[in-house]
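# Observations on the model geometry
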Amino acid sequence: MEALLDKLYERNELDKEEIVYFLQHLTTELKTRLFDLAVKTRKRHYAESVYVRGLIEFSSFCIQDCLYCGLRRSNASAERYRLTEEEILECAEAGYSLGYRSFVLQSGEDFYFTEARLVRLVKRLKLRFPEEAITLSIGERSEAFYRALFDAGTDRYLLRHETASRSLYQSLHPGMSFDNRVNCLRTLKDIGYQVGAGFMVGLPGQTCEHLAEDLLFLKELQPEMIGIGPFIPHSATPLKDARGGTVEDTLVMIAMARLFIPEALMPATTAMGTLDPAGRELALGAGCNVMMPILSPLSVRRKYALYENKICMGDEAAICRSCIEMRIAAAGYRIELGRGDHCSFTGTGKLKQ
C-alpha cells in the first residue's frame, strides 16, 4: 500500500487494478499520508492560494431528467426562476465591488438562454469587466454554440462528467448519451476553454471500479478544473431513499484526483459544507484550492435546489465573502481574488505558448 501511494505521488499514475486495491485497503494512517501528499502537491503549483469565484445561479429550469437532481424536469414541486440579463449583471457588479475577478454563471439546461442571448450577456459582462474571467456551466450544447460563446469572451466551461462508467451514467441520465457528454468535454478542450469535469461520490450502484474509471478518465482528459462532491439525495427525485455519499469518501477521491492531475484547480464544494460544517475546510486539507461563494439574489437562492438543506441560502453576498475569507485563513491558506487561471494559462486566460 505504501508503495502504491509512493508511485501515485511520484509518477501521478496507477492502473485500474491498483486504484481498486488501494481504495479497498486504505487505512486511517494511509489516508492521513494521502491527504498530506495531496496538499504538498497542490502547494507545489499554487502555493498557499485559494482562488475565489463568484457564483451566479441564473436559471433553475432544466430539460434533463437526471434521477438524482432536484432541478430535473419531472420535479413538479420545484420552484422555477430565471434571472434577467440586468439581474445577472447586477450580481456581477455586487461581486466586483467585493473584490471578485472571476464569475461562474450556472444554470440547468435551459434553452430559453439561446446562443444569441448568452453571447449578448457575455459581451456585456466583458465590456463592463474586461479583465475578469467568465465561466459558464450550462450543460450540453453544440460545437457551434460553444465556439460562439468562446469567441464572445467566455474563458472557462464546467461540465462534470458525473461518472465515467457508461452503464452507470446511462442508468442515472434517462434520454442522455454518455458519448455526447464525453464529446462535449473534448470539443470544449479543442476550442480552447479552460475545462472543468468531475464526478459524484456515493452514487447508488457506484463501486471502487467505477471510481477508478473516473480517475483514469480525468487523467486522460487532463481538465483544468475538477469538481468532486458527495451525492446528496433529494426528496423529490427517484433516488430520495438512496444512501448518500460521505465526506470521508469524497475527501479520498479529491486527494487522489489531486495526485493524478497535480495542476488542476479543484473547488471545495458547497455540498461538502452541507454534509459537514467543516467540510470545505477539510476539502482544502485534501488538495482543493478554489471556493465559490454565491452571488445570486437571496430571493431565488433556495429555488436552485440540486439537493436539499444547502448552506449559505440566507447570507448576503458580503457576509459570504467575509465567511469564506475567514474559513480559508483558518485552514492555513490565503484568499486570492484575481482571475485564478490554471497555471498553464496566462493572466489573460490564454494558453501559454
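### As for the overall build of the chain
Along its length, the chain carries 14 helices and nine strands. Over its C-alpha trace the chain gives a radius of gyration of 19 Å, about what one expects of a compact globule, namely 20 Å for 353 residues. If one aligns the C-alpha atoms of the chain with their principal axes, the spans along those axes are about 55 × 40 × 40 Å. For the chain, the residues scored as buried account for 59% of the 353 residues in total. Partitioning the contacts of the chain with sequence separation of at least 6, the portion at a separation of at least 24 is 74%. Put simply, the chain shows about 14000 Å² of open surface, and 51% of that area lies on carbon and sulfur atoms. The chain carries 44 positive and 47 negative side-chain charges, and their two centres are separated by 3 Å.

### Details of the pattern of salt bridges
The final tally for this structure, using the stated rule, is 28 salt bridges. The closest approach of N and O atoms between Arg186 and Glu220, which form a salt bridge, is 3.1 Å. With Arg186 in helix α8 (residues 178-191) and Glu220 in helix α9 (residues 208-221), this residue pair connects regions lying 34 residues apart in the sequence. Residue Glu220 is classed as partly exposed on the basis of its relative accessible area of 48%. Put simply, Lys189 and Glu224 hold a salt bridge, and the shortest N to O gap is 3.2 Å. Of this pair, Lys189 sits in helix α8 while Glu224 sits in the loop between α9 and β7 (225-230); the two residues are 35 residues apart in sequence, bridging distant segments of the chain.

### Examining the nonpolar core
Among the nonpolar cores identified, the biggest contains 110 residues, and Leu34 and Met256 are the most heavily contacted of them. No other element matches the ten residues that helix α10 (residues 247-260) contributes to this core. Each residue touching Met256, except ones within four places of it in the same chain, is listed here: Leu8, Leu14, Ile19, Phe22, Leu23, Leu34 and Leu215. Membership of the second largest hydrophobic core comes to ten residues, among which are Tyr46, Tyr51, Val104 and Met225.

### Concerning the sheet that holds strand β8 (residues 290-291)
Taken together, the three strands give an open sheet; going across it, the order is β8-β1-β9, and neighbouring strands pair in parallel fashion. Here the strands that pair on one side only, and so sit at the sheet edges, are β8 and β9 (334-336). Inspection of the sheet shows strand β1 (residues 49-52) paired to β9 by three bridges, in the parallel sense. Across the sheet, Val50 pairs through a bridge with Ile335, a residue of β9. Running at roughly 135 degrees to β9, helix α14 (residues 317-330) makes contact with β1, β8 and β9 of the sheet.

### Section: the packing of helix α1 (residues 2-11) against helix α2 (residues 16-24)
Helix-helix packing is characterised by the crossing angle of the two axes and by the distance between the axes. Here α1 crosses α2 at 125 degrees, and the two axes come no closer than 10 Å. Considering their axes alone, α1 and α2 lie oblique with respect to each other. Of the two elements, α1 crosses α2, and the hand of that crossing is left-handed. Between α1 and α2, the residues in contact are Leu4, Leu5 and Lys7 and Glu18, Tyr21 and Phe22, respectively. Considering only residue class, the contact of α1 with α2 consists of four nonpolar, no polar and two charged.

Rules of the game
Residues numbered from 1 in each chain as written. Predicted model: local features only at pLDDT ≥ 70, side-chain atom pairs only at ≥ 80, totals over all residues. Heavy atoms only, no water. Helix = DSSP H or I, 4+ residues; strand = E, 2+ residues; numbered from the N terminus. Rg over C-alpha atoms; globule rule 2.2 N^0.38 Å. Buried < 20%, exposed > 50% of the residue type's maximum accessible area, 1.4 Å probe, protein only. Contact = heavy atoms within 4.5 Å. Areas by Shrake-Rupley, 256 points an atom, 1.4 Å probe, with all protein chains shown as cover. Lys, Arg positive; Asp, Glu negative; His and termini not counted. Charge placed at Lys NZ, Arg CZ, Asp CG, Glu CD. Salt bridge = Lys/Arg side-chain N within 4 Å of Asp/Glu carboxyl O. Core = buried A, V, L, I, M, F, W, Y, C linked by side-chain atoms within 4.5 Å. Pairing = 2+ DSSP bridges. Axes fitted to C-alpha atoms, helices over the stretch in contact; angles between N-to-C directions. Parallel < 35°, antiparallel > 145°, perpendicular 65-115°, else oblique. Left-handed = near helix turned anticlockwise from the far one by under 90°. Nonpolar A, V, L, I, M, F, W, Y, C, P; charged D, E, K, R; others polar.

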